[in-house]
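# Coordinate inspection notes
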Amino acid sequence: QQGPVSMQGHFPPGSTFKIVTTGAALQAGVVGPEEVLPCPGVISISGRTIPNDDEFALGEVPLNTAFARSCNTTQAVISDRLEPSAMTDTAAQLGLGVGFSAPGLDANAFTGSVPVTERGPARVEASIGQGEVLASPFGMAVLTASLANSGQMIQPHVIQGMPGTADASPPPLPQNVVDDLRRYMVQTVESGTATAASSVPGLGGKTGTAEVGNGPAHGWFVGITGDVAVAVLIEGADSSGPAVSMAADFLTSAGQPAA
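Heads up: these notes are all about the structure in this document. Because the structure is predicted, anything quoted here is derived from the model rather than measured. Per chain, residue numbering runs from 1 following the sequence as it is written. With the structure being a predicted model, the display of local features is reserved for residues of pLDDT at least 70 and the display and counting of side-chain atom pairs for 80 or more, all residues being used for whole-chain, interface and lining totals. Here the side-chain values reflect all heavy atoms present in the structure, with hydrogen atoms and water set aside.

## Here's the deal with a nonpolar patch on the surface
- Residues enter patches when their relative accessible area tops 30% and they take part in no salt bridge; the joining distance is 9 Å for like charges and 5 Å for the nonpolar side chains Val, Leu, Ile, Met, Phe, Trp and Tyr. Exposure was quantified through the Shrake-Rupley algorithm and a 1.4 Å probe, taking into account, for residues, occlusion by the shown protein chains and nothing else. Put simply, a salt bridge is a Lys or Arg side-chain nitrogen that is within 4 Å of an Asp or Glu carboxyl oxygen. Residues Val-158, Ile-159 and Met-162 make up a contiguous nonpolar surface patch of roughly 240 Å² in combined accessible area.
- Under the DSSP-based scheme used, a helix requires at least four consecutive residues in state H or I and a strand at least two consecutive residues in state E, with every element numbered from the N terminus. As for its position among the elements, Ile-159 is in the loop between helix H7 (137-148) and strand S8 (165-166).
- Between buried and exposed lies partly exposed: a residue is buried under 20% and exposed over 50% of the maximum accessible area for its type, with that area taken using a 1.4 Å probe on protein chains only. Overall, the relative accessible area of 37% leaves Ile-159 in the partly exposed class.

## Some thoughts on a negative patch on the surface
- None of His or the chain ends enter the tally, which takes Lys and Arg as positive and Asp and Glu as negative. Charge placement uses NZ in Lys and CZ in Arg. For Asp and Glu, CG and CD serve respectively. Negative charge collects at one region of the surface, where Asp-53, Asp-54, Glu-55, Glu-211 and Asp-238 lie side by side.
- On the secondary structure map, Glu-55 appears in the loop between strand S3 (48-51) and strand S4 (59-62).

## Some remarks on the side chain of Asn-64
- Mapped onto the fold, Asn-64 is located in helix H3 (residues 63-68).
- According to the relative accessible area criterion, Asn-64 is buried, its value standing at 12%.
- Contact between two residues is taken to exist if any of their heavy atoms lie within 4.5 Å; hydrogens are not considered. Excluding its chain neighbours within four sequence positions, the residues that come into contact with Asn-64 are Glu-34, Tyr-184 and Gln-187.

## Some thoughts on unusual backbone geometry
- In this structure, Glu-55 takes a positive phi of about 55° despite not being glycine.
- On the basis of relative accessible area, Glu-55 is assigned to the exposed category, the value being 52%.
- You will see that Ser-150, though not glycine, has its phi angle at about 55°, which is positive.
- Note on placement: Ser-150 falls in the loop between H7 and S8.

## Things to note about the pairing of strand S1 (residues 36-39)
- The two faces of S1 differ: Leu-37 and Cys-39 on one face are buried, but Val-36 and Pro-38 on the other face are not.
- Criterion used throughout: strands pair if DSSP finds at least two bridges between them. As paired elements, S1 and S4 share four bridges and run antiparallel to each other. Bridge assignment links Val-36 to a residue of S4, and that residue is Pro-62.

## Observations regarding the pairing of strand S2 (residues 42-45)
- Side-chain alternation along S2 places Ile-43 and Ile-45 on a buried face and Val-42 and Ser-44 on a face that remains uncovered.
- Where S2 and S3 come together, four bridges link them in antiparallel fashion. Within the sheet, the bridge partner assigned to Ser-44 lies in S3 and is Thr-49.

## A look at the nonpolar core
- If you look at the biggest cluster of nonpolar residues, it comprises 36 residues, and the most contacted ones within it are Ile-19, Met-87, Leu-96, Leu-147 and Leu-181.
- Elements represented by at least two residues in this core include exactly helix H2 (18-28), H3, helix H5 (86-93), H7, helix H8 (175-191) and strand S10 (218-225).
- Of all hydrophobic cores here, the second largest spans 13 residues; its members include Val-189, Val-232, Val-244 and Ala-248. Among buried residues, the Ala, Val, Leu, Ile, Met, Phe, Trp, Tyr and Cys ones that are joined through side-chain atoms within 4.5 Å form a nonpolar core.

## Details of the sheet that holds S10
- Spatially, three strands are ordered S9-S10-S11 in an open sheet, and the strand pairing comes out antiparallel. The open sheet has two edge strands, strand S9 (204-210) and strand S11 (228-234), and neither has a second partner. Going across the sheet, the axis of each strand differs from the next one's by a mean of 10°, ignoring polarity.
- Note that S9 and S10 share seven bridges and pair antiparallel. Directly across from Thr-209, in S10, lies its bridge partner Gly-219.
- Between N-to-C directions, angles span 0 to 180 degrees; the directions come from axes that are lines fitted to C-alpha atoms, helices contributing only their stretch in contact. Sheet strands touched by helix H9 (residues 241-254): S9, S10 and S11. Its angle to S11, the strand with the most contacts, is close to 145°.

## Quick word on the pattern of salt bridges
- In the structure shown here, the tally under the stated rule is five salt bridges.
- One salt bridge in this structure joins Asp-80 and Arg-119, with 2.8 Å as the shortest N-O distance. Taken together, the residues Asp-80 in the loop between helix H4 (72-79) and H5 and Arg-119 in the loop between strand S6 (112-113) and helix H6 (121-127) connect sequence positions 39 residues apart.
- Measuring nitrogen to oxygen at the nearest pair gives 2.9 Å for the salt bridge that ties Asp-180 to Arg-183. Of the two residues, Asp-180 and Arg-183 are both situated in helix H8; the distance of three residues between them amounts to about one turn of the helix.
- Under the relative-accessibility criterion, Asp-180 is labelled buried at 12%.
- By relative accessible area, Arg-183 is classed as partly exposed at 35%.
- If you follow the salt bridges from partner to partner, you end up with Glu-34, Asp-180 and Arg-183 in one network.

## Some details on H9
- The end-to-end C-alpha distance of H9 is 20 Å, a good match for the 20 Å that 14 residues give at a rise of 1.5 Å each.
- Listed as buried for H9 are Ala-243, Val-244, Ala-247, Ala-248 and Leu-251. Viewed along the axis of H9, the buried residues span an arc of 135°, placing them on a single side of the element. Facing away from the buried side of H9, by more than 90 degrees, are the exposed residues Asp-249, Thr-252 and Ser-253.
- Those residues of H9 that are buried are in contact with S9, S10 and S11. Here the expected length of a helix is defined as 1.5 Å per residue gap, with one fewer gap than residues. An arc is given here, and it is the one of the directions from the helix axis to the C-beta atoms.

Read these as spatial facts, not as claims about activity.
Structure, rendered in structure tokens:
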């Protein structure tokens, strides 16, 4: 038993982690926001062969399209250009891998773990939220909320007026990187892998399907609209579809207006 799933769960975040990989690449300047990149059905990079879902192929496409359609192979290409600590540092800028404490907050709350990866198979796996990268729904909610907070890591709290404290003080993600990621996330909902939630005004998001051993994959969706950030994990869903639908139902019921 790993405790309450939402706060203490240790799960691969799957393609929701592409927010971090893409953000790291944009921040480092190793990829341009409009750069055209390959999205083959399968690719071998640094000793690891990575396929897209059902080996779909888009050919040469802009980064925003590769993100919206969740091209694993494109992420593998850009991750190969990164420094070993780039994904670790970018994740921390958005609170993933940072420890928090606050009155009323689960004392064993876990946001995630993003190891430093040298160039090779481990980094390629990490780039798509697999391998040794782990996150909880709480951690992905913190990451998504921090992105909505102009890239400044939030201080999560449970009781109003009693803010939490963090065990790290990373610098914010640059505003231009935040703007690009938010734009890519809106495209993901409008014309990418999360169109089932396109009825929610102003929603931007990222889907994820995380492979785990021999069992069915876990489904993820993280999103932002207005001043609400959500992270949904459905264990064993075998696709991100149910998580997207759950997020759309929640946001529609909440009546959240567009920003």
